[in-house]
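Structural description and commentary
Chain by chain, the residues run as shown.
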Amino acid sequence: MTTISDPPKASFQLSMLIYDTRFRSYTFQFIALILLMLLLGYLGANLMRNLSDQGQNISFRFLQEPANYDINQRPIAYDSQSSHLRASIVGVLNTLIVAFLGCLTATVLGVVAGVLRLSPNWLVRKLMAVYVEAFRNVPVLIWILIIFTVMTAVMPAPSAFRGENATASMLFDAVAFTNRGVYVPAPVWGEGSMVVVLTFLASIVGVFAYRRYATRLLYETGRLLPMGWPSLAILFVPSILVHFVMGQPVTLDYPALKGFNFGGGLHIRGSLIALWFALAIYTGAFIAENVRAGIQAVSRGQTEAAASLGLRPNRIMNLVILPQALRVIIPPLISQYLNLTKNSSLAIAVGYMDVTGTLGGITLNQTGRAIECVLLLMLFYLTISLAISAVMNVYNKSIALKER
Amino acid sequence: MNKTVFLGALTVAGLAAGASAAATLDDVKARGKLNCGVTTGLAGFAAPDANGVWEGFDVAVCRAVAAAVLSDANAVEFVPTTGKTRFTALASGEIDMLSRNTTWTFSRDTDLKFDFAGINYYDGQGFLVPKALGVSSAKELDGATVCIQTGTTTELNLADFFRANNISYEPVPIETNAEGQQQYVAGACDAYTTDASGLASTRAAFENPADHVILPEIISKEPLGPLVRHGDNEWGDIVRWTLNALISAEELGITSANVAELASAPGGNPEVNRLLGTEGNLGEMMGLDNEWAKRAIAAVGNYGEVFEKNIGEKTPIGLSRGLNAQWTDGGLLYSPPFR
Amino acid sequence: MSRDNIAFVRTHMLPESPPPAAERGAVKWLRENLFSSVGNTVLTLVAAYVVIMLVVSSAPWFYNGIWDSPSLSACREMLDGRTGACFAVLTERWNQLLFGFKYPPALYWRPTLAFVLLFVALAPVLFYRYMPRGLLILTGLYPFIAYWLIWGGSLMVPVFALLGVLAGALVYRRMLTVSAGVAVLAGIVAAMVVWWAAGRVTPSLADVMALQPVASRDMGGFMINLMLGVICVSLSLPFGILLALGRQSSMPIIKWICVVFIEFIRGVPLITLLFVANVVLAYFLPPGTTFDLILRVIIMITMFASAYIAEVIRGGLAALPRGQYEAADSLGLDYAQAMQFVILPQALKISIPGIVNVAVGLFKDTTLVSIISMFDIVGMIRGPILASTEWNGVYWELFGFACVLFFITCYGISQYSQWLERELRTDHR
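Residues numbered from 1 in each chain as written. Chains lettered and ligands numbered in written order. Predicted model: local features only at pLDDT ≥ 70, side-chain atom pairs only at ≥ 80, totals over all residues. Heavy atoms only, no water.

**Comments concerning the overall build of chain A**
The number of helices and strands found in chain A is twelve helices and seven strands. Against the globule reference of 22 Å for 404 residues, chain A gives a C-alpha radius of gyration of 29 Å, more extended than a compact globule. Dimensions along the principal axes, computed over C-alpha positions, put chain A at roughly 95 × 70 × 45 Å. Each of the 404 residues in chain A was classed as buried or not, and the buried ones make up 46%. Relative to all contacts within chain A whose residues are 6 or more apart in sequence, the contacts with residues 24 or more apart total 64%. Per element, the accessible surface of chain A, about 21,100 Å² overall, is 67% carbon and sulfur. Side-chain charges of chain A comprise 29 positive and 17 negative groups, with the mean position of each set lying 10 Å from the other. (Helix = DSSP H or I, 4+ residues; strand = E, 2+ residues; numbered from the N terminus. Rg over C-alpha atoms; globule rule 2.2 N^0.38 Å. Buried < 20%, exposed > 50% of the residue type's maximum accessible area, 1.4 Å probe, protein only. Contact = heavy atoms within 4.5 Å. Areas by Shrake-Rupley, 256 points an atom, 1.4 Å probe, with all protein chains shown as cover. Lys, Arg positive; Asp, Glu negative; His and termini not counted. Charge placed at Lys NZ, Arg CZ, Asp CG, Glu CD.)

This is the structure:
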């Protein structure tokens, strides 16, 4: 209630704290602050009392102590004598691995499904709708468990590959699907492989350079260079040539039956696969909807205008629709990445040793330091999500600048 | 607005919890129920039967304490806990005692601030493997995939064992025994490791128990026992001596069948008399009445009866007494005297 | 010249001939939708192959399904080598899947009735244009009735809780003339006073109209998922609105409290919050206080949902044209009135799809409680059922059943939301 007449100045009354709009906000903020302090103080006091009652304290010294447990998937050197801190770092890396793989796969799936949902083909459209609805409406935890069950209960055991009357066989003698995961050939970086890797990296740069050049040529002179096969050629041919010139430094280590399991090769564990695919398929369904919404957000007139200029359908998509749709697609896409990363904490349901499994799981159990572990766990996820938010803000700013 | 369901529930919870104070015994008496933490399900040790009634070796300890304190062996609220939640549940007072095949270790006793009230089962960690694997010793498990329950001491023992023998393995961490069983049956791991008693119990639940063997190596000492919070010694005493009463009862020949008769009048053995309250006032010293032990024994039977009923050789679990025989029979069970 | 020789002049119209076969009916549709180009034809064939393979491989599984059998091995015997499902696990464990394994079987009617009443209570809200407003009273009463039905105990507990709410609402109405904030505070205080007073008398009335009480930890199965979903979403709506308003507020301290809370909650996975509920929360309560795991979980999930709903509503608030705020001000409405009569009704309307998305997501996330050893439907499947000797190895039937339950619920909700969006569409008329 705003007053038009000047309020009397000198006489400040206590009731003005409530009735006067000028002071009221201060009163509220003050009360809110006091209440917050009281709440925090209350919780803190309880915490202190509980801890002292149980003779415990808050201390992060346990991070330096040996963890005493083993982890199956170790991106960095780790054994049971390493510290809890190192175990946590292994967990963090495992989280990042599954998040990275998941985001990549989810994007591919989502873009394909999203574009196909708008396909003129009725059957494909409906099939994609079924995919999107089925996966969006069922909890991701159930999908993780289902894929994990497929991995453990349906796949053959390594022993099925053994002996004369083996019931299972390896794909191309190189890939083995077992109920302990998938064994694929692993690259072995021999002497001189650095050169091959560098060549490959250079080729990637080369591809981008070529595409830029081709685009510029198109805009400036109207000459059209082919894009597809030269890119592929630039990407692979030099590396393969260098590989043979250097005397094949990069070899493949094929998995082979050894003892109880397969030895050699790269072991992608069932838990990783379950988590990776479930997260990718689930998030892919959401991304498909974002992509569809993004494409539909580009007005039909744009398609028609492009068509009237004589562009072919795939060029309309690439040159007109997608660049505009991306602006709408990318912000929700990034938040889907964030969701996927957070959902990767469900690793604990299938025993994948991510940070929730090591720091929030075994370390917590073995040391009993629940508060410290959960706190560190939250800090980790908070850091990741704030970092992703920061990236998103930068992106939003960058597209906002281009707006006319 | 549904806000009130929550607030209403909060009020109810607040009312229920309001009376809580330091002395566990008073709490339990006031509540009329003993909150006892057990596993989420391990056949023979603690598992709900088809009607949801909890049964098992660890459950019997809870029931004995409830009988001693509350005169009703059924006045127990069983709280299923996992390896992760059990200690927090006890520390926070959600449960009054934990009877969940928990290994007595130094750090749990000192660092985690719990008091072990005794040992009700002397166990050791073993390995369960399918016969088809053709393994006769744990030392042959080089490179094997091993399923293991996380948050237990077995996880640490396993790491130690393989490191000491300089062989490698692939741990597959699982959360509950049920999951471990599924993974093992599906062949996702070559071996399943946990306490030997747990392995026997797990194997008993298999369709063809005979296809699986428990390897001879016992790689650790696992003294399992009930535990309570540090600092409430009166309550700790009650749990400790209830367990001892069950053990002594077997030694002294008191069974659930004859306990009523023995307790009706002082008999020839003074220790029996003291235990059953016909002589002296041991119960009062603990803040209970003198018939506490009689009720506990009448409710669940003596240690031997509990063992035979739940995990003994006649049950599907089929464990022999072994280390868990009375000291007079060459075992380790040795209750301090009731005096 | 006979008439036959003159140039042809039509004297009557030819009857319309049907379009050519290729431009008509099913053929046209097929041609345009499935075989319009080479690429499209290939896609169609691939898709058709996938569909046919799926149907062919799963049909016998459904068709041969065994609905009555005591165990998996008996079921396999009955199937006698054929492919087939053992749906018997669903019939045999039906009650466990829905109610958990400890809810007293004699009392199954109570949660079932509460579930049916849920629709009665929701209908006036969901279809408020087609229902008399008076029925909203049912919605208001529902939480108390449902609480009484599910948890049992004396009827007095929900009655007093209701009285507290009524007292609070009454005081809020009265104090609204002073200021919205004061009114909210006074309302809360009044409700607290009533509850406190009720807490004194309730124990003596414990037997009045008492249903057999059921402890929270005896509940399980899909019931838990539904309960958590319904309770947490409805609780988080008011909190979410408050947080969103707080975040938009011009008062810096209140704004920052809300921002920190929202960003913190949104930045961590739900599972860590459940860990807090499970293992950490007890440390922050007065010594000796323990309350149900389910209650702790409700608190944490509600906090989680509030933060997300707050962000959705903030989006709705931001989407309103500035003119609406100015118009409300120029009418002389104060903050509470402006919000209540002008801003929120519009902002909430814009936010409905977002809120429904959050609700569906939250409902799906209730399965996470199985990780902290609660026996919701996933917990029941992974724990007691798959571990039992009889049903060890039945995966598809059980997980499929859970999928179907969730799909029906979530798909239904999102269809409703789309319908409502069309209903509420005010722009293109």
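**Concerning the packing of aromatic side chains**
The tally for this structure, following the rule as stated, stands at 41 aromatic pairs over all chains. With centroids separated by 6.3 Å and ring planes inclined at 85°, the aromatic side chains of F127(B) and F162(B) adopt a geometry described as edge-to-face. Separated by 35 residues along the polypeptide, F127(B) in strand β8 (residues 125–130) and F162(B) in helix α6 (residues 153–164) bring together distant segments of the chain. Judged by its relative accessible area of 1%, F162(B) is buried. Between F62(C) and F87(C), the ring centres sit 6.2 Å apart and the planes meet at 20°, which makes this aromatic pair stacked. Of this pair, F62(C) sits in helix α2 (residues 38–63) while F87(C) sits in the loop between α3 (72–79) and α4 (88–92), and the two are 25 residues apart along the sequence. On the basis of relative accessibility, which here comes to 48%, the residue F62(C) falls in the partly exposed class. For F87(C), a relative accessible area of 8% puts it in the buried group. The ring of F307(B) has R321(B) sitting right over it, with the charged end atom 5.1 Å from the ring centre. Its guanidinium or amino end placed over the ring of Y325(C), R322(C) lies 5.1 Å from that ring's centre, counting from NZ or CZ. (Phe/Tyr/Trp six-rings, centres within 6.5 Å; stacked < 30°, edge-to-face > 60°. Lys NZ or Arg CZ within 6 Å of the ring centre and 35° of its normal.)

**A short note on empty space enclosed by the protein**
Counted according to the given criterion, the structure contains 13 cavities of 30 Å³ or more. Together, 27 residues line the largest cavity, and P80(B), R217(C), L293(C), S373(C) and M374(C) are the ones closest to its centre. Within the residue set of the lining of the largest cavity, elements represented by two or more residues are β4 (76–81) and α4 (86–91) of chain B together with α13 (293–319) of chain C. In terms of residue class, the lining of the largest cavity is made up of twelve nonpolar, nine polar and six charged. (1 Å grid on protein atoms, 1.4 Å probe; cavity = no way out; pocket = protein on both sides within 12 Å on 5 of 7 lines; lining within 4 Å. Points joined across faces, edges and corners; volume = space filled by probe spheres on them. Nonpolar A, V, L, I, M, F, W, Y, C, P; charged D, E, K, R; others polar.)

**A closer look at the nonpolar core**
The biggest cluster of nonpolar side chains holds 192 residues, and the ones touching the most others in it are V297(C) and I377(C). Considering each element in turn, this core owes the most residues, 15 residues, to helix α8 (residues 270–297) of chain A. When residues no more than four places from it in sequence are discounted, the contact partners of V297(C) are L228(C), L274(C), A277(C), V369(C), I372(C) and M374(C). Core analysis: the next-biggest nonpolar cluster, separate from the first, contains 59 residues, L42(B), W54(B), I247(B) and A293(B) among them. (Core = buried A, V, L, I, M, F, W, Y, C linked by side-chain atoms within 4.5 Å.)

**Structural notes on the pattern of salt bridges**
Applying the stated rule across the entire model yields 21 salt bridges over all chains. The salt bridge partner of E291(B) is K294(B), with a shortest N-O separation of 3.9 Å. Classification of E291(B) by relative accessible area gives partly exposed; the value is 37%. If you follow the salt bridges from partner to partner, you end up with R247(C), E263(C), E311(C) and R314(C) in one network. (Salt bridge = Lys/Arg side-chain N within 4 Å of Asp/Glu carboxyl O.)

**Focus: the pairing of β8(B)**
All names here are of chain B. Within β8, five of the six residues are buried, which leaves the element mostly enclosed by the surrounding structure. In this structure, β8 lies alongside strand β11 (residues 191–195), joined through four bridges in antiparallel fashion. The partner of F127 across the bridge, within β11, is T193. In terms of strand pairing, β8 meets strand β12 (residues 212–214) through three bridges, oriented antiparallel. Paired with L128 across the two strands is I214, which belongs to β12. (Pairing = 2+ DSSP bridges.)

**A few points about the domain arrangement of chain B**
Interface size is commonly expressed as the accessible surface area that is lost when the partners come together. Residue and element names in this part refer to chain B. By the assigned domains, chain B splits into domain 1 (22–122 + 223–329) and domain 2 (125–220). Using C-alpha coordinates to define each centre, domain 1 is positioned 29 Å away from domain 2. The partner domain 2 presents 13 residues to the 17 residues of domain 1 that form the contact. Regarding the contact of domain 1 and domain 2, the summed buried area is about 1,100 Å², with carbon and sulfur atoms giving 56% of it. Inspection of the region where domain 1 meets domain 2 yields zero salt bridges. Across the contact surface, domain 1 and domain 2 share one residue pair in polar contact (both at pLDDT 80 or more). Its residues placed into classes, the side of domain 1 that touches domain 2 shows eight nonpolar, six polar and three charged. (Domains from an automatic or database assignment. Buried area = accessible area lost by both parts, 1.4 Å probe. Polar contact = N/O pair within 3.5 Å; in protein donor to acceptor, adjacent residues only side chain to side chain.)

**Concerning a nonpolar patch on the surface**
A contiguous nonpolar surface patch, about 770 Å² in accessible area, is contributed by V38(C), V42(C), V46(C), Y49(C), V50(C), M53(C), L54(C) and V55(C). Tracing the sequence through the fold places V42(C) in helix α2. (Patch = residues over 30% accessible without salt bridge, like charges linked within 9 Å, V, L, I, M, F, W, Y side chains within 5 Å.)

**Things to note about the domain arrangement of chain A**
Examined at the domain level, chain A breaks down into domain 1 (20–53), domain 2 (84–160 + 169–183 + 268–402) and domain 3 (186–253). The C-alpha centroid of domain 3 of chain A is placed 62 Å from the C-alpha centroid of domain 1 of chain A.

**Brief notes about the packing of helix α7 (residues 177–186) of chain B against helix α16 (residues 377–387) of chain C**
Across the interface, α7(B) lies against α16(C) with an axial gap of 9 Å and an inter-helix angle of 65°. Classified by the angle their axes make, α7(B) and α16(C) are roughly perpendicular. As for the relative orientation of α7(B) and α16(C), their crossing is left-handed in sense. Taken together, the residues of α16(C) that come into contact with α7(B) (itself represented by A178(B), E179(B), Q181(B) and Q182(B)) are R382(C), G383(C), L386(C) and A387(C). Considering only residue class, the contact of α7(B) with α16(C) consists of three nonpolar, three polar and two charged. (Axes fitted to C-alpha atoms, helices over the stretch in contact; angles between N-to-C directions. Parallel < 35°, antiparallel > 145°, perpendicular 65-115°, else oblique. Left-handed = near helix turned anticlockwise from the far one by under 90°.)

**Digging into the pairing of strand β10 (residues 169–174) of chain B**
Residue and element names in this part refer to chain B. Judged by how many residues are buried, β10 sits mostly within the fold: six of six residues are covered. Residues Y169, P171 and P173 point to one face of β10 and E170, V172 and I174 to the other, with burial holding for every one of them. Here six bridges tie strand β9 (residues 144–149) to β10, and the two strands are oriented parallel to one another. Residue pairing in the sheet places I148 in a bridge with P173 of β10. The parallel pair β9 and β10 is bridged by α6, and the resulting crossover is right-handed. (Right-handed = clockwise from strand over helix to strand, strands pointing away.)

**Topic: the environment of I287(A)**
Residue and element names in this part refer to chain A. Secondary-structure assignment places I287 in helix α8. Owing to a relative accessible area of 0%, I287 belongs among the buried residues under this scheme. Beyond its immediate sequence surroundings of up to four residues, I287 is in contact with A106, T107, G110, V111, L333, Q336 and Y337.

**A closer look at the side chain of H84(A)**
Looking at the secondary structure, you find H84(A) in helix α3 (residues 84–116). Among all residues touching H84(A), those that are not within four sequence positions of it are F62(A), L63(A), E65(A), P66(A), A67(A), Y69(A), T363(A) and T367(A).

**A word on the interface of chain C and chain A**
The interface of chain C with chain A comprises 59 residues on the first partner and 60 residues on the second. Across the chain C/chain A interface, buried area totals approximately 5,300 Å², and carbon plus sulfur atoms make up 75% of it. Viewed at the interface, chain A and chain C are joined by zero salt bridges. Along the contact surface separating chain C from chain A lie eleven residue pairs in polar contact (both at pLDDT 80 or more). Elements with a minimum of two residues in the side of chain C that touches chain A: α1 (25–33), α2, α9 (180–201), α11 (252–267), α12 (270–280), α15 (335–365), α16 and α17 (396–424) of chain C. When residues of the side of chain C that touches chain A are assigned to their parent elements, the largest contribution, nine residues, is made by α17(C). Residues that form the side of chain C that touches chain A fall into these classes: 42 nonpolar, eleven polar and six charged.

**Considerations on the interface of chain A and chain B**
Taken together, the 34 residues of chain A in the interface contact 35 residues of chain B. Counting each side, the surface lost to burial between chain A and chain B is near 2,600 Å², with a carbon and sulfur contribution of 47%. When the buried surface of chain A facing chain B is broken down by residue, F260(A), N365(A) and Q366(A) rank first, second and third, together holding 26% of it. The shortest N-O distance in the salt bridge between R180(A) and D190(B) comes to 2.5 Å.

**So, the sheet that holds strand β2 (residues 181–184) of chain A**
Residue and element names in this part refer to chain A. Read from one edge of the open sheet, three strands run β1-β2-β7, paired in antiparallel fashion. Each of the sheet's edge strands pairs with one partner strand only, and the pair in question is β1 (176–178) and β7 (266–269). Across this sheet, the average inter-strand angle for adjacent strands is 15°, counted without regard to direction. Judged from the three bridges that link them, β1 and β2 form a sheet pairing that is antiparallel. Within β2, the residue paired with A176 across the bridge is Y183.

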